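# Structural overview
Spelled out from the first residue to the last, the chains are:
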There are 2 protein chains.
Amino acid sequence: MSEIKIGLFGLGVVGTGIVKILENALNANASIKKICVRDINKPREVAIPADMLTQKAEEILDDPEINLVVEVIDDAEAAFEIVSGALKRGKHVVSGSKSMIAKHLPELINLQRENNVAFLYDASSCGSIPVIRNLEEYYDNDLLLEVKGILNGSSNYILSRVFDHNESYKDALQTAIRLGFAESDPSFDIDGYDSLFKLVIITVHALGVYVNPDDVFVYGISHISEFDINYAREKRVKIKLVAQVVKISDTEFTMFVMPEFVNKNRYIYSVDDEYNGVVIRGECYDRQFMFGKGAGSLPTASSILSDVMARSHGYRYEYKKMGYKGKPEYTTEPLLKVYVRYVDTPVTELLNFDSIEQRFISNEVNYVIGQIRLKDLKKGRDILAAPDVFLVNIPVFFEDLDN
Amino acid sequence: MSEIKIGLFGLGVVGTGIVKILENALNANASIKKICVRDINKPREVAIPADMLTQKAEEILDDPEINLVVEVIDDAEAAFEIVSGALKRGKHVVSGSKSMIAKHLPELINLQRENNVAFLYDASSCGSIPVIRNLEEYYDNDLLLEVKGILNGSSNYILSRVFDHNESYKDALQTAIRLGFAESDPSFDIDGYDSLFKLVIITVHALGVYVNPDDVFVYGISHISEFDINYAREKRVKIKLVAQVVKISDTEFTMFVMPEFVNKNRYIYSVDDEYNGVVIRGECYDRQFMFGKGAGSLPTASSILSDVMARSHGYRYEYKKMGYKGKPEYTTEPLLKVYVRYVDTPVTELLNFDSIEQRFISNEVNYVIGQIRLKDLKKGRDILAAPDVFLVNIPVFFEDLDN
């Protein structure tokens, strides 16, 4: 077990948490040597010796004593420069930057192999819940069929305020921003991109296949209206923002991020507030449910600590499933059953529905329930982006698959 | 990645599941060479070539081609002979025999070290839920404070029938036996020993400390009466059989298995039927909840498959926490708050209560609520075993620890 000398990039919410946790981790055998920040003169919550701070990345990347780079900065492109630069210099890396990882994973996997170094990022998906590690190791077999969950705490907090506390969507969003559960520009969370990036990473470790985030259908919750909320309440379901990757046959899988009507007999129905919950379904073991704090300074920092200690034992992701025989292929052919609410946009004309089962028309608002292929939802993405339109998945087909 | 040649001991419910799963595990790179059973002529659910079966352990243990022994037999002493014999011969072993492992773990750890072989047993605790592996790897740090859960599916099924379906305890027990959720002699499950053995194994991987099962207080559900059930219903709580290991300070921890009044805001409140649920609590990440099928042929076999595939990548438990600085020590000093119902046994005279808060006396049945040290519950174990007595933990002290 070798001693770990950390070069830390970023001293924001998560970086500060890491400093605090490492101070109390008696058995970590790891210490921070240098911290790279944007402004060394900024006042800090934790006391850091002045000579530990730097604004120059090279002071970490070119220090031969530093054997682990921990990267927790906000800027995805800068994060990629740091992470790829460290890997190229033969340094192991731990990171929590989900958008950067989701966009650059194939390249980062190559860099790990070429330079014989490890890159760990369990903190990037669901914070303190050990999803990546379990998919990579414990569920390393042919039984896995589906990973489905609530991967974004901010949007879930907002929907919980709406469905459990009868707040309006607008009020809930304001509360979330005020409490720090959502950014002042919350679009990354509520438009589903945070969930999407996590889903892309999860899919690599679940099925051994990388799918570019640009090729995945994503639809968020920002268009939700009182009408949709009342509709769900009448049906005694909640609307949740759900990310899922599902094997639909031995040879194919599909994946998407979409609001979904969630029935109360589903595990994710009870995942409320800022929590995350992930259901892992497989042949033989059926459904396993993992639940916990998905974000926040200390939960995320605790996940980073898990990766740091794993490095002290030489752990790395092997990406074993990428070499599996009979790996399934990504498809957007599956038929979904969806609810589409609209006011003026003629969605039934513009979207290529396979069939329509219900049509509600009134003076103020309309909706349609019908079957449509995922590829046609993708094609109709601009139509669904109209401000008077809101889309919700009705998960009847995949439920049927279970029986 | 080396090919795995398995020698399987046991072809009962779990063994049959393993045969079925391996047939369909395209990427397992593992096959069964020989199966040792008690009676080779017994009719089997799965078709096995006659030359694959043997009644002689040596045909597996002394076969140099077999590099992994999988042991899933019912008899704990025979299981220990097989497992220790295999380890001594330099063979890796996967096992699910919780009582054998709980009783012999220190010796089995030594055998692993002496013979430089691995012994994996994630299936022994909570079947398909990856508790051991996560405690050993992901929660490999100083943050862990508590592992608490419902570890026995049979007793939980019975209590669920009582609390969710208003069945009597006797009827529920009969239903459980009829459906195969409990053995025809169900005492191993309902008296708490199954939970105890799992807890002993979990504690080794949670805190790095082995505690002999004989030194742990265990109390089951077989004395529960309609009075207790009604009492719980009136208080709007459920009674569940809960196993827990809890750090009570930086230097000490305690552990026990006991029925507990579970409030509906607790995660384990919703763990019903034959399911298992485990709450892992730590500094920084707070509570993580893992939920799934804890027993049964295929869920347990899927967990065995996880261990088999982990072996093909050279995985072993390192028992890292056993070498931790500042490991906590086991204590039975903590004060607990308990409910003790009795008819004739003068429990307040015979048990060394620290204080008594409530006393209910009637012509038919009595109860007392008071504080008592865990060591005094242990001393009073015989008194609590009287048929007219039932004990339930009221988890108020440990709840307070959280705040």
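Coordinates for the structure precede this section.
Residues numbered from 1 in each chain as written. Chains lettered and ligands numbered in written order. Predicted model: local features only at pLDDT ≥ 70, side-chain atom pairs only at ≥ 80, totals over all residues. Heavy atoms only, no water.

### With respect to the overall build of chain A
Counting its regular elements, chain A contains 15 helices and 17 strands. Scored against the burial criterion, the 403 residues of chain A give a buried share of 63%. Of all intrachain contacts in chain A linking residues separated by at least 6 positions in sequence, the fraction that spans at least 24 positions is 73%. Of note, chain A has its 45 positive side-chain charges centred 2 Å away from the centre of its 59 negative side-chain charges. (Helix = DSSP H or I, 4+ residues; strand = E, 2+ residues; numbered from the N terminus. Buried < 20%, exposed > 50% of the residue type's maximum accessible area, 1.4 Å probe, protein only. Contact = heavy atoms within 4.5 Å. Lys, Arg positive; Asp, Glu negative; His and termini not counted. Charge placed at Lys NZ, Arg CZ, Asp CG, Glu CD.)

### Here's the deal with the sheet that holds strand 1 (residues 4-9) of chain A
Taken together, the six strands give an open sheet; going across it, the order is 3-2-1-4-5-6 (chain A), and neighbouring strands pair in parallel fashion. This sheet does not close on itself; its edge strands, each paired only once, are strand 3 (53-54) and strand 6 (119-120) of chain A. (Pairing = 2+ DSSP bridges.)

### Notes on the relation of the copies chain A and chain B
Overlay of chain A on chain B (RMSD 0.0 Å): rotation 180 degrees, translation along the axis 0.0 Å. Read as a symmetry element, the transformation amounts to a two-fold axis. Rotation axis and chain A: the residue whose C-alpha lies nearest the axis is A:Met290, separated from it by 2.4 Å. Counting the interface residues of chain A, we find that 100% of their copies in chain B are interface residues as well, pointing to one common contact surface. (Least-squares fit on C-alpha atoms with pLDDT ≥ 70 in both.)

### What about the environment of A:Ile73?
Residues and elements named next belong to chain A. Residue placement: Ile73 occurs in the loop between strand 4 (68-71) and helix 3 (76-88). On a C-alpha basis, the gap between Ile73 and Gly15 in space is 8.1 Å, while along the polypeptide they are 58 residues apart. Beyond its immediate stretch of four places on either side in the chain, Ile73 contacts Phe9, Gly10, Ala78, Ala79, Ile82 and Ser97.

### What to know about the state of the cysteines
Summed over all chains, the structure comprises zero disulfides over all chains. The thiol of B:Cys284 is not disulfide-bonded; the next cysteine sulfur, from A:Cys126, is found 18 Å away. (Disulfide = S-S within 2.5 Å.)

### Concerning the pattern of salt bridges
Residues and elements named next belong to chain A. Evaluated as defined, the whole model comprises 48 salt bridges over all chains. Asp63 is the partner of Lys33 in a salt bridge, and the nearest nitrogen-oxygen pair spans 2.7 Å. Residue Lys33 is located in strand 2 (residues 30-36), and its partner Asp63 is located in the loop between helix 2 (58-61) and strand 4; the two are separated by 30 residues in the primary sequence. Residue class for Lys33 comes out partly exposed when judged on its relative accessible area of 30%. By relative accessible area, Asp63 is classed as buried at 13%. (Salt bridge = Lys/Arg side-chain N within 4 Å of Asp/Glu carboxyl O.)

### Here's the deal with the packing of aromatic side chains
Taken as a whole and assessed by the stated rule, the structure comprises 46 aromatic pairs over all chains. For the pair B:Phe261 and B:Tyr339, a centre-to-centre distance of 5.3 Å together with 80 degrees between the ring planes defines the contact as edge-to-face. Taken as a pair, B:Phe261 in strand 10 (residues 252-262) and B:Tyr339 in strand 14 (residues 335-342) lie far apart in primary sequence, 78 residues in all. Here B:Phe261 falls in the buried class, since its relative accessible area comes to 8%. Under the relative-accessibility criterion, B:Tyr339 is labelled buried at 0%. Consider the rings of B:Phe289 and B:Phe291, whose centres lie 5.9 Å apart with planes at 40 degrees: the pair is tilted. With a relative accessible area of 7%, B:Phe291 lands in the buried category. Looking at A:Lys238, its charged tip hangs above the ring of A:Tyr269, at a distance of 4.2 Å from the centre. (Phe/Tyr/Trp six-rings, centres within 6.5 Å; stacked < 30°, edge-to-face > 60°. Lys NZ or Arg CZ within 6 Å of the ring centre and 35° of its normal.)

### Overview of the nonpolar core
A:Ile6, A:Leu8, A:Leu377, B:Ile6, B:Leu8, B:Ile18 and B:Leu377 are the most contacted members of the largest nonpolar core, which has 276 residues in total. Every residue in contact with B:Leu377, bar those within four places of it in the chain, is listed here: B:Phe217, B:Met258, B:Leu336, B:Val338, B:Ile372, B:Leu384 and B:Leu391. Counting 20 residues, the second-largest nonpolar core is a separate cluster that includes A:Tyr275, A:Phe289, A:Phe291 and B:Ile268. (Core = buried A, V, L, I, M, F, W, Y, C linked by side-chain atoms within 4.5 Å.)

### Quick notes on the interface of chain A and chain B
Contact residues are listed per partner, giving 44 residues for chain A and 44 residues for chain B. Of the roughly 3,600 Å² buried between chain A and chain B, counting both surfaces, carbon and sulfur atoms make up 54%. Along the contact surface separating chain A from chain B lie two salt bridges. Across the pair B:Lys293 and A:Asp286 runs a salt bridge whose closest N-O atoms are separated by 3.5 Å. In this assembly, chain A and chain B are joined by 20 residue pairs in polar contact (both at pLDDT 80 or more). Sorting the residues of the side of chain A that touches chain B by element identifies helix 1 (13-24), helix 5 (131-136), strand 12 (286-293) and helix 11 (297-312) of chain A as the ones contributing at least two each. With eight residues, strand 12 of chain A is the largest single contributor of residues to the side of chain A that touches chain B. (Buried area = accessible area lost by both parts, 1.4 Å probe. Polar contact = N/O pair within 3.5 Å; in protein donor to acceptor, adjacent residues only side chain to side chain.)

What is shown is where atoms sit, not what they do.
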